[in-house]
Amino acid sequence: MRIIERIPWKRAAFAAAVCIAFCGTARAQVNLHLWHQMRPDAREILKERIRVFEKLHPGITVMQLYKENEELRVGYQAAAAFTGGGPELVYGPSDFVGAFESMHIIKPLEDVFPKAMLDQLDVKAHTVYRGHLYQIGDEIGNHLALIWNKRLFRQAGLDRAPKTLDELVSFGKKLTLDRNGDGVTDQYGLVWNYTEPFFFIPFYTSFGGWVMDDKGAPALDNTASVRAFDYVLGLRDRARIIPRECDYEIADSKFTEARAAMIINGSWAWSKYMEALGADFGIAMLPMNEETGLWAAPMVSSKGYFVNTSVEGATLDAVRTFVTFMLSPETQLAFATKLKTIPSNLAAQRDPLVLGDPVIAVSIEQARVGKAMPLVPEMRAIWDAMRPPYQNLLGGNITAAKAAREQQRLALQKIGELNEGKDDNEETARGNALVVGIIYILGALIALVALVLLVTRFLVPLFRNAKTLDSGNARFAVMMILPAAVLMFGVVVYPFFYNLVISLSNMSMLTVNSWSIIGFDQYGKVFGIDRFLDTMAKPDASVWMAFGQMFSTEFYGVFVKTIIWTVVNVFFHVTIGVFLAMLLNRKLPGKSLFRILLILPWAVPQYITALTWRGMLNTDSGAINAILKQVFSIAPLPWLTDSTLAFVSVIMTNIWLGFPFMMLIALGGLQSIPRELYEAAEIDGASAWQQFRTITVPLLKPVMIPAITLGIVWTFNSINVVWLVSNGGQPADQTHILVSYVYRAAFNLYRYGYAAAFSFVIFLILALFSITFMRRSSATENVY
């Protein structure tokens, strides 16, 4: 009271008012996190609209973060499902709904937003799944259309886009040109990412096909598939109006640089093409199939906002306010007029700026004849099932009929894998009760032994003679390493044992929040033991048939390929590295410059080098094929579309990336070898080979063996090069190694328990090899 009495009442009142105002503001301030996959031009509009929103609502701060489409999906699932965290808002395509809902990481929105607000939006923007509204779209369509270059059409004597599939071929032939007569096509009639099933769908629908039947089962083995396959092959092999190799980036660059007259691409790319072509930009609906009378109908979906299931209270109010603002006519028009997208707000759809836009008008018509993309999570399994047979067909390895049968078989198999754990019940749990009990007992014993060892071997000796200098120094050292030890426990030890536990569970998309320990079933699936037992249970089965089924599982084939990948890479890393190191260890003019140049492949970021090699390996325009043709008169090789050559391609890229590391290690070892040893050997008459064998190799061994061990482990687990050069294991998943295969299993089909078991097997393989290799090579022995 005395202190308060010393302060003048006016000053006290002012201080109290400031405090109340500040504290109230602090409590009212809400931070929203938005993860999205908007393209660059859309991101600029998003930032501008967020600035306007924050001025109108100073108590709400919106922090946006861009993630590529797959990174967004995987990252949000990991954050929300495994940790209960993640952003409050996610912006993405509607096909995320099935997996997000199955994992219970998005909130139903029918009770979050008032009906009056929802009624202001086109019903196509309401993504309803299993009776609930889970996404509110701000963009309708998100579909493919035909974009054409009017200038190139005029030069070919054409004044409109093709309206039928036959016209697509005939127009394409007129627009495909070899201007200098060197046998290399300079301009293609049509380009698009035809190696991906999503971009194949319009041709499939034009022959009457669809990915699912009325019951939601895959419907891929039919006449429509065969005819559509044959049509696409005809565009490449008979009409020759599309490149022999064409992924998304190749198609995009060829059209943007006017080396292709037409492209099939989505609404996400149209504004870029409008900027590149200017007045020569043309857009048209995908052609009609005159045989069937059906349009080439692309898949249609919406893009919009999901709300994290954990959002409640004031944060949910802020989410409601922000999403309502982003779906307002003013904001919708800002996006639609710039990006040429179809707005979801009905008032924005009626605006003259939208009604009078010819690009949006065509987009609306294309969306009208399109087919809604299925929202069920099984759709991801169907995409994964379509890709290998389709790419095998494009590679000339199978027929169209066999590709149709194979994609149907794979779809059923992968849907079964996706839904693992769905049928687990109490009877299954009782069947595994003994194994589960043993696992729990073993886990408890391991924890007890670890605790006893910690106390008896560490804590007791540390505090036995508390006042001695040695004990004091030891305690000080422990205090210094304690932060690092805690960090290592958090990022290495705990995840390791958590992965081990998950490998013994039934965790999948459907059980991510309700998983349980089931024993060693996942390891049985990794090694194919489940297939062996299932085959032996059949009355007419034999042991050899059962073994055949077991060894047909993916693990063995991918494991052999991984061994080849590792051995070939490390052999050339060491051979080239040691050879270059011996050259650099001599007196050479410009040796410093050579050393810098030889280190560059290792210094440049891997993704840049990998994508550069992918460009050089392109069949039609790559530098490697150009050199082979000019110097050796060798016909262009399909480096990235033939399964064997694709595997050779990723190996070549990784050799280029890895030899500088071995060169540096070997150079350091060579420089540590006393020169006198070589001089003495020369006096004794030893040849260069004898000096290398008896001096260089033994003295390099202590340096190189640990480096080789590290190289083997790194190469065995190297996913970047395989993923980037082969575009995710293409063609037909034939370039996968163990680590890339397990990544696809975990994040494409949500087989978390299986992937954890698979990754633990990889760890055991590498651990056993490293220990054995280091012991047998006697790497730690003294060489002197």
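Residues numbered from 1 in each chain as written. Predicted model: local features only at pLDDT ≥ 70, side-chain atom pairs only at ≥ 80, totals over all residues. Heavy atoms only, no water.

(A) View of the domain arrangement of the protein chain. Taken domain by domain, the protein chain comprises domain 1 (2–140 + 302–370), domain 2 (144–297 + 377–418), domain 3 (522–552) and domain 4 (554–780). Computed over C-alpha atoms only, the centres of domain 1 and domain 4 are separated by 46 Å. Residue-level contacts link seven residues of domain 1 with four residues of domain 4. Of the roughly 460 Å² buried between domain 1 and domain 4, counting both surfaces, carbon and sulfur atoms make up 60%. In terms of surface lost to domain 4, no three residues of domain 1 exceed R73, V74 and F82, which account for 63% of the buried area on that side. Summed over the shared surface of domain 1 and domain 4, the result is zero salt bridges. (Domains from an automatic or database assignment. Contact = heavy atoms within 4.5 Å. Buried area = accessible area lost by both parts, 1.4 Å probe. Salt bridge = Lys/Arg side-chain N within 4 Å of Asp/Glu carboxyl O.)

(B) The arrangement of unusual backbone geometry in detail. In this chain, Q730 is followed by P731 through a cis amide linkage whose omega measures 0°. Among the structural elements, P731 can be located in the loop between helix 33 (720–725) and helix 34 (738–747). In this structure, R130 is a non-glycine residue whose phi angle is positive, near 55°. The exposure class of R130 is exposed, given its relative accessible area of 55%. In this model, D733 sits at a positive phi of 60°, which is unusual for a non-glycine residue. (Helix = DSSP H or I, 4+ residues; strand = E, 2+ residues; numbered from the N terminus. Buried < 20%, exposed > 50% of the residue type's maximum accessible area, 1.4 Å probe, protein only.)

(C) Structural context of the sheet that holds strand 7 (residues 188–191). Pairing within the open sheet is mixed, and its four strands lie in the order 7-8-6-9. Among the strands making up the open sheet, the edge pair consists of strand 7 and strand 9 (281–284). Averaged over all neighbouring strand pairs, the angle between strand axes comes to 20°, with direction disregarded. Relative to strand 8 (residues 260–266), strand 6 (residues 144–149) runs antiparallel, the two being bridged by five bridges. (Pairing = 2+ DSSP bridges. Axes fitted to C-alpha atoms, helices over the stretch in contact; angles between N-to-C directions.)

(D) Focus on empty space enclosed by the protein. All told, the structure shown has one cavity of 30 Å³ or more when counted by the stated rule. As for the largest cavity, its lining consists of 13 residues, of which Y91, D138, E139, F335 and L339 are closest to the centre. Broken down by secondary-structure element, the contributors of at least two residues to the lining of the largest cavity are strand 5 (132–141) and helix 14 (329–339). Looking at which element gives the most residues to the lining of the largest cavity, the answer is helix 14, with four residues. Split by residue class, the lining of the largest cavity holds seven nonpolar, two polar and four charged. (1 Å grid on protein atoms, 1.4 Å probe; cavity = no way out; pocket = protein on both sides within 12 Å on 5 of 7 lines; lining within 4 Å. Points joined across faces, edges and corners; volume = space filled by probe spheres on them. Nonpolar A, V, L, I, M, F, W, Y, C, P; charged D, E, K, R; others polar.)

(E) Here's a closer look at the packing of helix 26 (residues 554–584) against helix 30 (residues 643–671). Packing of helix 26 against helix 30 brings their axes to within 6 Å, and their N-to-C directions diverge by 40°. Here helix 30 runs oblique to helix 26, going by the angle between their axes. Handedness of the crossing formed by helix 26 with helix 30: right-handed. For the contact of helix 26 with helix 30, the class distribution of residues is 21 nonpolar, five polar and one charged. (Parallel < 35°, antiparallel > 145°, perpendicular 65-115°, else oblique. Left-handed = near helix turned anticlockwise from the far one by under 90°.)

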